[in-house]
Number of protein chains: 4
Amino acid sequence: MAQTMMALRKTKRGRGAEMQEIPIPDIKPNEVLIKIHASSLCGTDVHIYEWDAWAQSRIKTVPYTVGHETTGEVVKAGSVVTRVKEGDIVSVETHIPCLHCKQCLTGQMHVCHNLQILGVDRDGAFAEYLVVPEVVAWKNDTSIPPELLSIQEPLGNAVHATLIEPVHGKSVVILGDGPIGLFAVGVARACGATQIFLTGLDPFRLNIGKKMGADRIIDVAKEDAVQVIKDATDGLGADVVLEMSGANQSMQSGIAALRRGGRFCFFGIYKDNLVPTPLNDIVFNGGTFYGINGRLMFDTWFTVSNLLSSRRLDVTPVVTHKMPLTSFAEAFELMIEVPKKVGKIVLFPDTKYMTNGSH
Amino acid sequence: MAQTMMALRKTKRGRGAEMQEIPIPDIKPNEVLIKIHASSLCGTDVHIYEWDAWAQSRIKTVPYTVGHETTGEVVKAGSVVTRVKEGDIVSVETHIPCLHCKQCLTGQMHVCHNLQILGVDRDGAFAEYLVVPEVVAWKNDTSIPPELLSIQEPLGNAVHATLIEPVHGKSVVILGDGPIGLFAVGVARACGATQIFLTGLDPFRLNIGKKMGADRIIDVAKEDAVQVIKDATDGLGADVVLEMSGANQSMQSGIAALRRGGRFCFFGIYKDNLVPTPLNDIVFNGGTFYGINGRLMFDTWFTVSNLLSSRRLDVTPVVTHKMPLTSFAEAFELMIEVPKKVGKIVLFPDTKYMTNGSH
Amino acid sequence: MAQTMMALRKTKRGRGAEMQEIPIPDIKPNEVLIKIHASSLCGTDVHIYEWDAWAQSRIKTVPYTVGHETTGEVVKAGSVVTRVKEGDIVSVETHIPCLHCKQCLTGQMHVCHNLQILGVDRDGAFAEYLVVPEVVAWKNDTSIPPELLSIQEPLGNAVHATLIEPVHGKSVVILGDGPIGLFAVGVARACGATQIFLTGLDPFRLNIGKKMGADRIIDVAKEDAVQVIKDATDGLGADVVLEMSGANQSMQSGIAALRRGGRFCFFGIYKDNLVPTPLNDIVFNGGTFYGINGRLMFDTWFTVSNLLSSRRLDVTPVVTHKMPLTSFAEAFELMIEVPKKVGKIVLFPDTKYMTNGSH
Amino acid sequence: MAQTMMALRKTKRGRGAEMQEIPIPDIKPNEVLIKIHASSLCGTDVHIYEWDAWAQSRIKTVPYTVGHETTGEVVKAGSVVTRVKEGDIVSVETHIPCLHCKQCLTGQMHVCHNLQILGVDRDGAFAEYLVVPEVVAWKNDTSIPPELLSIQEPLGNAVHATLIEPVHGKSVVILGDGPIGLFAVGVARACGATQIFLTGLDPFRLNIGKKMGADRIIDVAKEDAVQVIKDATDGLGADVVLEMSGANQSMQSGIAALRRGGRFCFFGIYKDNLVPTPLNDIVFNGGTFYGINGRLMFDTWFTVSNLLSSRRLDVTPVVTHKMPLTSFAEAFELMIEVPKKVGKIVLFPDTKYMTNGSH
């Protein structure tokens, strides 16, 4: 086996990233080495690439390898590893838990007290090889093509947010037409939501939302979302609202559009931490409001995988671009310059996995 | 308005029933009078018609009017009625609650301590008119045709059993290919179950199950259901098992086919109350076992109605027969003589509502 | 029976209220007439008495009778009433539901879309007689003395907030030492919380909190609540935080003191609706945040009643004052002038029910 | 450190067990070596000692070391162990999960598909040293004395069964006065159950039940349990029934004593797997029936530990005997000959931990 690999490194505390040849790392008895087949871009990667205020405060050490949505083949497994074995095709959970805090011991390891994030707190997946502890390795169904295996992690965000309580027979509002919002539309549709609203600002993305199964597209530049939703729900408001925009105004509209006793998920990240929030409305609403971070390990992964492999859910309309990993700069520029024309971009270290049209 | 109506009456403690002209009853301040558009046959009606051992012990007084699955128009509403008004098209919940026992006061009125059953404990729906207390009146979505509005009650059994916990991403086994089992297949499919097994004995009904969305049909005369299910679930067994056959052997197979920590619903009624049951297997399984009786009032009705009106669920393959109410004898004979060729039979007091091909 | 009664009326849109003789009202077929034994004061009553900004915007019509926490004897029951009968000792739920909206039909009538509040939207309980619809009448356990029967409604707020998820084995923080916060301490203690923190500003009330079972009193004028809680919970923060102060700073501290994946209840009402809230912290926390309004009808009432009648919970330390109803002005002045020395004040239209020392 | 240790070994497929000197085993990178302080006897140990039919079919290989309820000090930790470290006082979970089956990956590792049981499938705890994988090590609160640390495992059964749904404000029936039933009484009492019934046959044990907090003791030799329970619950039956006797008649009584829509736990093991069970009553009851196996890992352990260390729960009345490990034969004979006079027996390899009267 090779001793070195190519990896996209954040080499300095500033804009950009560069491809470097570095040693393939060793593994501990409870770790696995993965040969990457595909890795996809997330907004977080863009923040780090652009080196915005968040990245400056969040990233502790450079140099390191970025990227965290990925799939590949296990090529080496430590001596006490039992969950996967060499030859298995795996994806990885981005949230690396400590396994000994209270959350890790009570089924909430996705919000571990000592959480490490792949591609943020340790070397990530925009590389030819990746080392992770066994506990975050997820054995894939190989009937699913690589570009979809790679996006299971963000799809898992959408599944976790949408299905934290069941949606069957319910009216569901998704605020925000980014990739997670578009995924959420498909998840709600596949799992029995009977009235699905999607809000957004861009016709290209809203049109993908329609393909994913939204019953009603609301272009918030042209329509009053609260009014549209109330009119369509006997004036009650929607059973479920998923806030996936991170926009203050959208959040406030979402609370206004929630029926009393409904369910609301906070998933979008706001520019500032302190956001003017209608707390009295929340009190009188009497509903349930969730903070959504990561995915259940691994309940969400089973749902994601089963929805994909059973073909109940088709997320291909959201995967808009496939490129070689070497085209990373172009990929980042697309995300930065024309975000409204981009769904998910998947990068391939070895283009033989870039199976155009395979799905 | 007319003073009398035709009604199918159980006139004596013995086999059969007869159509009689009787007075249209008065209503109390909290009751409504409904002009029936359609009423469907249930196995319970057949037991009463045939006057089997169960019926002999269960039916307290004759004469009375049978039938309980129904839809029609409110033609009179009592002075304190607010839930519906004259002109509304309604269906009715069969479980008439007392409204003052602990269950009624804590969201479980479907298992009221003093439950009365429509068409069993009081005059039912195979008639031109029906009186019920406001509390069981459900205002219908009139975009749904009458024969489907009528079968919302048994469809509600299937929805309640299937969705008492969410099924998205799960493997679901339905034991028994009667109408409720066939409905359950469709419900599971519409609400995101990713692997659906249906067991049965009759090709005609199993074929309807396939149309409803079953991934795998198991003819238990030809195949070992437990083996088929285990083979398809990595040897674990299924996440969810719905026992809708009332057959001892099927129930025992179902427990054997349930994965540890899974979910099981007892819905089928057994010939004898005391059934040899693998209780130690239940203990070691560590799962959740529900008794399923009726439907949640009215969470289940919302789900039923929304699934039908959104067209997410199409149950028309199960509705095999539509007839005038005057053909009741033929309908009962079909249920008794060729049950395996019958899904749901809907009867119409006024044939103008018998809209063939409308759905 | 008498034709008229004394009632404390809000007679004009301004400060104060006056005792007037008015006719005892008639009842509808689904209503009951109650002879009041005891009624207690709530902060809402004080807002209305003082005619503050909230009251000016919230109260729609005068004159009307104020007060909503109460107990008394049913002296007349309408013709279709079955839940209670003449002679029953009852309390009443303040939230009067419409019984026909989606929430009312799905076990959430406490957040009915068309909710009416007793003593706000219709004549209330500071009177000799009260008329309410049967649906809000709760039959009391007569082994409980009248002053405790009267405060079941606010105790129900505390029970609903504290027990919306179980607290057994958990660390629970109660922010705010008002009557509901003090009740919540006792409820958490009686139901198995193993570490109970109470924050407040007043030694008199914090001392009641100690009697109610708090393990750790935090005087926020002297100590840093977040630090105290983190130090006592291995740095994780508490499993459960109940925000019962309505103070912005307290709410922000509460979110900082909540462990990841914990449970938070918004119960306190804020001066302004839009409150600067750390939403990103909520997202990353990944926990569950409830708006708490009213009480479950009637699950909460069963819990309240059973905790009191079993003597598992003793709330007498919170009931600091008992007076005749005619002393209403003195009672309001106590609440306004020396709130920190007052827990609950109970008023008695007939002093024979003012059984000092009975509990 | 010593090279050998004393261990109570099942040396042959027949009655009895013998103390032998054997090598202290090595550990793997993910395992820990524990110096035992105390280990308690379970009915399972007695079955194995007596070599009854169950033991003959269940035990796969001899010789091996028996015992599974235990506490001790970590004296060696493998290289990838992070949950505990040398010097920590730990207890161990008996259910050793595979960590890679579906249950292990979805928060149900206590019902792992490939479960190994300590002291049954691998060397157990009646010894001076014990090796277990890190995943089952539970770091103890050292303010709790050793004999109580040791019985946390069976106390965890009681906590899991009692609290699988909350009991606050509820009526709870515990069928069977064995140690788990007695623990369950205390757990229900500490966590807010407001009416607690205990059934049994032996005055000595029923009297312990009274000390643990039962409101009503039912000697089933003298009283009709169903009648007593119905009389005390307005004829409804109890909210919760915990079947901890493994007796057919008791189980049938329990189902008869459960109110409609109630909660039932199957915990007791029956002599035969197929037990005549009133399944139609279960269907019509409409309640929730759980199979209870093990404890939640590690939610239950947190509850157990917190209840003990906060002194909310005192289980000392159930710990009736403390002896040196060398007196094992006497201990087994007590369990076999006079079970009705025995609660829990704790054995100490080193009598310096046998702190009589310490609690």
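Within any chain, residue numbers begin from 1 and follow the written order of that chain's sequence. Each chain gets a letter, beginning with A, and each ligand a number, beginning with 1, in the order they are written. Totals for whole chains, interfaces and linings use all residues, but because this is a predicted model, local features are given only for residues with pLDDT of at least 70 and pairs of side-chain atoms are given and counted only at 80 or more. Side-chain calculation: all heavy atoms of the structure are included, whereas hydrogens and water are not.

1. Remarks on the overall build of chain A
Formally: Numbering of helices and strands runs from the N terminus, with a helix taken as a DSSP run of H or I at least four residues long and a strand as a DSSP run of E at least two residues long. Atoms counted for the radius of gyration: C-alpha only. Globule rule: 2.2 Å times residue count to the power 0.38. With a 1.4 Å probe rolled over the protein chains alone, any residue whose accessible area is under 20% of its type maximum counts as buried; one over 50% counts as exposed, and the rest are partly exposed. In what follows, residue pairs with any heavy atoms lying within 4.5 Å of each other are defined as contacts. To measure how exposed things are, a 1.4 Å probe is used in the Shrake-Rupley method; for residues, cover is taken only from the protein chains shown. For the purpose of counting charges, residues Lys and Arg are taken to be positive, whereas Asp and Glu are taken to be negative. His and the chain ends are not included. In plain terms, the charge of a residue is placed at NZ if it is Lys, CZ if Arg, CG if Asp and CD if Glu.
On a plain count of helices and strands, chain A comes out with 11 helices and 19 strands. The C-alpha radius of gyration of chain A comes to 20 Å, within 12% of the 21 Å expected for a compact globule of 359 residues. Here chain A holds 359 residues, and the buried ones make up 65% of them. Within chain A, contacts between residues separated by at least 24 positions form 69% of all contacts whose residues are at least 6 apart in sequence. A total of about 12300 Å² of accessible surface is found on chain A, and carbon and sulfur atoms cover 50% of it. Looking at charge distribution, chain A has the averaged site of its 35 positive side-chain charges lying 2 Å from that of its 38 negative ones.

2. Notes on the relation of the copies chain C and chain B
Note the cut-off: Residues reaching a pLDDT of at least 70 in both copies supply the C-alpha atoms on which the copies are superposed by least squares.
In the superposition of chain C on chain B (RMSD 0.0 Å, axial shift 0.0 Å), the rotation amounts to 180°. Taken together, the rotation angle and the small translation identify this as a two-fold axis. Minimal C-alpha separation from the rotation axis in chain C is found for Gly107 of chain C, amounting to 2.7 Å. Taken as a fraction of all interface residues of chain C, those also at the interface in chain B reach 100%, which identifies the copy contact as same-surface.

3. Things to note about the relation of the copies chain A and chain C
If you rotate chain A by 180° and push it 0.0 Å along the axis, it lands on chain C with an RMSD of 0.0 Å. In this assembly the copies share their binding face: 100% of the residues contributing to the interface of chain A also contribute to that of chain C.

4. Side note on the interface of chain C and chain B
Condition: A simple way to read buried area is as the amount of 1.4 Å-probe accessible surface that goes missing from two parts once joined, with both sides added. Side-chain atoms alone can form a polar contact between residues adjacent in sequence; in general such a contact is a pair of N or O atoms within 3.5 Å, and within protein one must be able to donate a hydrogen while the other accepts it. When residue character is reported, Ala, Val, Leu, Ile, Met, Phe, Trp, Tyr, Cys and Pro are called nonpolar, Asp, Glu, Lys and Arg charged, and the others, Gly included, polar.
On the side of chain B, 17 residues touch chain C, which itself brings 17 residues to the contact. When chain C packs against chain B, the two sides together hide about 1500 Å² of surface, and 65% of this comes from carbon and sulfur. It is Arg83, Leu105 and Phe302 of chain C in chain C that bury the most area against chain B; as a group they hold 35% of the surface buried on that side. Between chain C and chain B we count 4 residue pairs in polar contact (both at pLDDT 80 or more) in total. Split into classes, the residues belonging to the side of chain C that touches chain B amount to 9 nonpolar, 5 polar and 3 charged.

5. Comments concerning the pattern of salt bridges
Where side chains of opposite charge bring their charged atoms close, a pairing between them can arise. How we decide: Salt bridges, as used here, are contacts in which a Lys or Arg side-chain nitrogen is within 4 Å of a carboxyl oxygen on Asp or Glu.
In the structure shown here, the tally under the stated rule is 68 salt bridges over all chains. Of the charged contacts, one joins Lys222 of chain B and Asp219 of chain B as a salt bridge, the two residues approaching to 3.8 Å between their closest N and O atoms. One salt bridge connects Lys85 of chain C with Asp88 of chain C, and the closest N-O pair in it is separated by 3.3 Å. Connected via shared salt-bridge partners are Arg58, Lys60 and Asp121 of chain A.

6. Things to note about the nonpolar core
A general tendency of soluble globular proteins is for nonpolar side chains to be buried together. Residue and element names in this part refer to chain C. Note the threshold: Buried residues of nine kinds, namely Ala, Val, Leu, Ile, Met, Phe, Trp, Tyr and Cys, make up a nonpolar core once their side-chain atoms join them within 4.5 Å.
Core analysis: the biggest nonpolar cluster contains 53 residues, and Phe126, Val132, Phe332, Ile345 and Leu347 have the highest contact counts within it. Element by element, the count of residues in this core is highest for helix 11 (residues 328-337), at 6 residues. Leave out the neighbours within four places in its chain, and Phe332 touches Leu8, Leu41, Asp45, Val46, Tyr49 and Phe126.

7. Remarks on the interface of chain A and chain C
Counting from both sides, the interface comprises 42 residues of chain A and, opposite them, 42 residues of chain C. Both sides of the chain A and chain C interface together cover about 3800 Å² of buried area, and 54% of this is carbon and sulfur. When the buried surface of chain A facing chain C is broken down by residue, Arg260, Leu279 and Val283 of chain A rank first, second and third, together holding 17% of it. Our count for the contact surface shared by chain A and chain C stands at 2 salt bridges. With its nearest N and O atoms 3.0 Å apart, the salt bridge here joins Lys102 of chain C to Asp239 of chain A. The tally of links from chain A across to chain C stands at 25 residue pairs in polar contact (both at pLDDT 80 or more). For the side of chain A that touches chain C, the elements supplying multiple residues, two or more each, are helix 8 (248-256), strand 15 (258-266), strand 16 (274-278), helix 9 (279-285) and strand 17 (288-291) of chain A. Looking at the side of chain A that touches chain C, the element that brings in the most residues is helix 9 of chain A, giving 7 residues. By residue class, the composition of the side of chain A that touches chain C is 20 nonpolar, 16 polar and 6 charged.

8. Observations regarding the domain arrangement of chain A
All names here are of chain A. The test is simple: Domain delimitation follows an automatic or database domain assignment.
Parsing chain A into structural domains produces domain 1 (4-151 + 315-353) and domain 2 (157-291). Of note, the centres of domain 1 and domain 2, computed from C-alpha atoms alone, are 28 Å apart. Facing the 12 residues of domain 1 at the interface are 10 residues of domain 2. Summed over both sides, the interface between domain 1 and domain 2 buries roughly 1000 Å², with carbon and sulfur atoms accounting for 74% of that surface. Considering only the side of domain 1, the residues that lose the most area to domain 2 are Pro317, Val318 and Lys340, jointly responsible for 48% of the buried surface there. Our count for the domain 1 to domain 2 interface comes out at 2 residue pairs in polar contact (both at pLDDT 80 or more). The residue inventory of the side of domain 1 that touches domain 2, partitioned by class, reads 6 nonpolar, 3 polar and 3 charged.

9. As for helix 4 (residues 152-162) of chain B
Buried residues dominate helix 4 of chain B, accounting for 11 of its 11 residues. Buried within helix 4 of chain B we find Gln152, Glu153, Pro154, Leu155, Gly156, Asn157, Ala158, Val159, His160, Ala161 and Thr162 of chain B.

10. Points about the packing of aromatic side chains
Heads up, the condition is: A pair of aromatic rings is counted whenever rings of Phe, Tyr or Trp (Trp by its six-membered ring) have centres within 6.5 Å, and the orientation is called stacked for planes under 30 degrees apart, edge-to-face for over 60 and tilted otherwise. Whether a charge lies above a ring is judged from NZ of Lys or CZ of Arg, which has to be within 6 Å of the ring centre and within 35 degrees of the ring normal.
In total, this model carries 28 aromatic pairs over all chains according to the counting rule given. An aromatic cluster is present here, built from Trp138, Phe298, Trp301 and Phe302 of chain A joined pairwise through their rings. In this structure, Lys102 of chain D is placed above the aromatic ring of Phe302 of chain A, and the distance from its NZ or CZ to the ring centre is 5.0 Å.

11. A word on the sheet that holds strand 1 (residues 4-10) of chain A
Residue and element names in this part refer to chain A. To keep it simple, the criterion reads: By definition, two strands form a pair when at least two bridges between them are found by DSSP.
An order of 2-1-4 is seen for the 3 strands of this open sheet, with the pairing classed as antiparallel. Strands at the two margins of the open sheet, each flanked by one partner only, are strand 2 (18-23) and strand 4 (64-65). Alignment of strand 1 against strand 4, held across 2 bridges, turns out to be antiparallel. Within strand 4, the residue paired with Lys10 across the bridge is Tyr64.

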